[in-house]
Structures are given as C-alpha cells and as structure tokens.
Amino acid sequence: MVPIQYYLGLSMILFAMGVLGVIIRRNAIVIFMSLELMFNAANLAFITFALMHQKLSGQIFVFFVMAVAAAEVAVGLALIVAIFRSKHSIDVDQQSTLKG
Amino acid sequence: MAAEYIFFFILAAVALVSAVGVLLSQNSIYTALFLVVNFSAIAVLFLTLGAPFIALAQITVYAGAIMILFLFVIMLLGTEKLPIGKEIPWQRPLGIILAGVLLLEGGYLILFRSGALGALNTPAADYASPNAIGLELFDNYLLPFEVTSILLLVALVGAIVLTKDERGATVRRLVTLETRAADDRGADTQKPDLLEYEKEIQAEEKREEVAGPGADEFHR
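In terms of regular secondary structure, chain A is built from three helices and zero strands. Secondary structure elements in chain A, listed N-terminal to C-terminal, are α-α-α. Computed over the C-alpha atoms, the radius of gyration of chain A is 17 Å, more than 25% above the 13 Å expected from 2.2 N^0.38 for a compact globule of 100 residues. For chain A, the spread of C-alpha atoms along the principal axes amounts to about 55 × 25 × 20 Å. Sorting the 100 residues of chain A into buried and exposed places 61% on the buried side. Accessible surface, chain A as shown: approximately 3,800 Å² in total, 70% of it carbon and sulfur. Placing the 6 positive and 4 negative side-chain charges of chain A at their respective mean positions leaves the two points 2 Å apart.

What follows is the structure, encoded as structure tokens:
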C-alpha cells in the first residue's frame, strides 16, 4: 500500500484549497461548493484512519457526514434563493446591509 | 508496488487539478463540473482504501444528487457569472497567506509528527463489505441513524418554508407602496386608498375561501 502520509497529505492539500475557495470567492454558490471540497477532504482522512485502525467506525462516520452535508446543502441553497429574491444578487460582497 | 504509487499519483493529480479548477473558473457551471470530477477521483481513492460502499455512495449522493441540486440552483437563478464588482484589495493575498499557513501546519504534523501513525495494510476481502457496514451501522449506530432521518426531515421542511412564496405578499406590498405614495401627496387621500386596497384583499381572501386553496395559482 501507499504510505498513510500520502493520503493524509492529499487530504490536507484539498482541505486548504477548500478554505482558500471560501475566503477568496465572492459567489455564494461557489463558496458552498468549496465547503463541499472541505467535507470531502475530511472524509478522505476518515476513511484513511478507518483502514489504519482496521475499524469500520470511520466509514460509518463518513455516512453521517454525507447525510449532514446533504441537509446543509438543501437548506443553504434555499437560503441563497431567498437572498437572491430580496437582493437580486448572490455576491457576498453586496450583502452589506448591516454595514450601513 | 510501483503500480500502486503511479495509480495514486494519477488520482491525486486529477483531484488536485480539478480542485484548482474549482478555485479559478469564473463560470460557476464549470466550477460544479470540476467538483464532480474531484468527487469521482476521491471516490476511486476510497475504493483503493477498502471502502467500496462509501465510494459508490459518494458517487450517487455527492456527484449525483448534491451536484444536480447545485446545477439546478445555478441555472434557476441565472448567476453563472457575477458582474465584475469592486473587490476588497487585501482579500486575495491575505486569503492565500492564511491557507498557506494552514497547509504548513498540516504538512508539519504529517511530516515530523507522524510517529503515532500506523502503516496501511491491504484491506481484507470482507473488511468493508455491505454486510459488515450494515451490521456496524445498525448494531452500534442505530440512534444516530434515526436522528439523521429527523435531521433530513427538518432540512426538507426548512427548504420548503424558506423558498415558499407567502400568500398575499404581493397585495400587501402594494398596500405599503400606496401608503407611501399617499404620504407623499398629503394626508387627505390616504384613507380612501388604503380602504380600497383592504377591501380588495378581503375580496381576494373570500374568493380563495370559496374556490379553495390553489385555485388562483394560475393567474398569479
């Protein structure tokens, strides 16, 4: 097998890319997709550790992450649609009502 | 032995290039498609890590259902490209620095503090078969499983409530507008106009009661 460090390194790089996407992109939908990238990197680490410990709990946890991600996406996209209806934009830099 | 490394590096390259595509592409449709490629590459990595069931769930749930939802919303809103606006000048360099720091920390932990990590062994044939996954899920994780179903139900109801168009909202908005216009013209004309609109609302509500809900959906 490929050493465990390679898998964890890949997971780490993907997670950092997700963080970078959330920080630098302005489109709310793309920010959500970067969030999915981070979920995915965490899932990869979970599966890797599950194999290292030879226990299935890590894989079961990935199931729950997937279910929570699906719920989060459904509510999040509904929020984006609601914001788009009232502001006619999903640019997060434009949502500055509280700034005055 | 070498074939495993080559396979891993090809998959990792696909995953990383598609992640860069997610970061850089300006059209959010392309972003979604890059993300599908990324999810598929990760799913194959799951297969190599002895998780066939998770790998296929990843493809059906993530690359299938969730990304379709994203594509639906992107096309529904018609916001593939944002209009070019004023960007905060220090946002991009600061973001790159912060992500770099995070990457360095993770790299440090993986390279120099990996003494506690064990080696990966080739998974046994029945390591994560659907049978074993099912037994583990329903023996040890039955309560979280049921709680998940409630979570999904709440998400379903929440999404419907958030996007539902409130009944009569248009008429109420008209009343507000009319009141403001009346304020501009002077206080004399305010009352009759308001009354007129209130009567209209009442008439509409009465019509709805007679015709039943949903009868006026067509001409709205």
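There is more to say, and it comes next.
On a plain count of helices and strands, chain B comes out with eight helices and zero strands. For chain B, the sequential pattern of α-helices and β-strands runs α-α-α-α-α-α-α-α. Here chain B holds 220 residues, and the buried ones make up 30% of them. Look at the contacts in chain B between residues 6 or more apart in sequence, and 54% of them connect residues 24 or more apart.

All names here are of chain B. Put simply, chain B has an average pLDDT of 84, and 84% of its residues get 70 or more. Across chain B, the secondary-structure element scoring lowest on mean pLDDT is helix α8 (residues 190-211), at 67, and the one scoring highest is helix α2 (residues 28-48), at 95. pLDDT under 50 marks residues 214-220. Its contacts with residues more than four places away, or in other chains, come to seven contacts.

For the rest of this paragraph, the subject is the pattern of salt bridges. Residues and elements named next belong to chain A. Summed over all chains, the structure comprises one salt bridge over all chains. Across the salt bridge formed by Arg26 and Asp91, the nearest N and O atoms sit 2.8 Å from each other. Highlighted residues: Arg26 in the loop between α1 (4-24) and α2 (28-53) and Asp91 in the segment after α3 (57-87), separated in sequence by 65 residues. By the burial criterion, Arg26 is buried, and Asp91 matches it.

This next bit is on a nonpolar patch on the surface. Residue and element names in this part refer to chain B. The grouping of Leu153, Leu156, Val157, Ile160 and Val161 at the surface amounts to a nonpolar patch, some 470 Å² of accessible area in total. Note that Val157 resides in helix α6 (residues 142-163). The class of Val157 is partly exposed, set by a relative accessible area of 44%.

On to the environment of Ser89 of chain A. Residue and element names in this part refer to chain A. Of note, Ser89 is situated in the segment after α3. Note on Ser89: relative accessible area 14%, which makes it buried. Considered as a pair, Ser89 and Ala28 are 61 residues apart in the sequence and their alpha carbons are 9.4 Å apart. In terms of polar contacts, Ser89 uses its side chain to reach the backbone amide nitrogen of Asp91, at 3.0 Å.

This part is about α3 of chain A. Under the 1.5 Å per step criterion, the end-to-end length of α3 of chain A is 44 Å for 31 residues, consistent within 8% with the ideal 45 Å. Just past α3 of chain A, the residue His88 of chain A takes up positive phi, approximately 60°.

Another point: the packing of aromatic side chains. Summed over the entire model, instances satisfying the criterion amount to 11 aromatic pairs over all chains. Judged by centre distance (6.0 Å) and plane angle (45°), the ring pair of Tyr6 of chain A and Phe8 of chain B falls under tilted. Of this pair, Tyr6 of chain A sits in helix α1 while Phe8 of chain B sits in helix α1 (residues 2-24), on two different chains. Classification of Tyr6 of chain A by relative accessible area gives partly exposed; the value is 33%.

Residues and elements named next belong to chain A. With respect to the helices and strands, Ile83 occurs in helix α3. Placed 12 residues apart in sequence, Ile83 and Gln95 show a C-alpha to C-alpha distance of 8.9 Å. In contact with Ile83, other than residues within four places in its own chain, are His88, Ser89 and Gln95.

The interface is formed by 84 residues belonging to chain B together with 69 residues belonging to chain A. Buried area between chain B and chain A, summed over both chains or domains, comes out near 7,300 Å², and the portion from carbon and sulfur atoms is 77%. Looking at the side of chain B facing chain A, the largest losses of area belong to Leu23, Leu120 and Tyr127 of chain B, adding up to 10% of the total buried there. Across the chain B-chain A interface, the total number found is zero salt bridges.

The rules behind each value
Residues numbered from 1 in each chain as written. Chains lettered and ligands numbered in written order. Predicted model: local features only at pLDDT ≥ 70, side-chain atom pairs only at ≥ 80, totals over all residues. Heavy atoms only, no water. Helix = DSSP H or I, 4+ residues; strand = E, 2+ residues; numbered from the N terminus. Rg over C-alpha atoms; globule rule 2.2 N^0.38 Å. Buried < 20%, exposed > 50% of the residue type's maximum accessible area, 1.4 Å probe, protein only. Areas by Shrake-Rupley, 256 points an atom, 1.4 Å probe, with all protein chains shown as cover. Lys, Arg positive; Asp, Glu negative; His and termini not counted. Charge placed at Lys NZ, Arg CZ, Asp CG, Glu CD. Contact = heavy atoms within 4.5 Å. pLDDT = per-residue confidence, 0-100. Salt bridge = Lys/Arg side-chain N within 4 Å of Asp/Glu carboxyl O. Patch = residues over 30% accessible without salt bridge, like charges linked within 9 Å, V, L, I, M, F, W, Y side chains within 5 Å. Polar contact = N/O pair within 3.5 Å; in protein donor to acceptor, adjacent residues only side chain to side chain. Expected span 1.5 Å × (residues − 1). Phe/Tyr/Trp six-rings, centres within 6.5 Å; stacked < 30°, edge-to-face > 60°. Buried area = accessible area lost by both parts, 1.4 Å probe.

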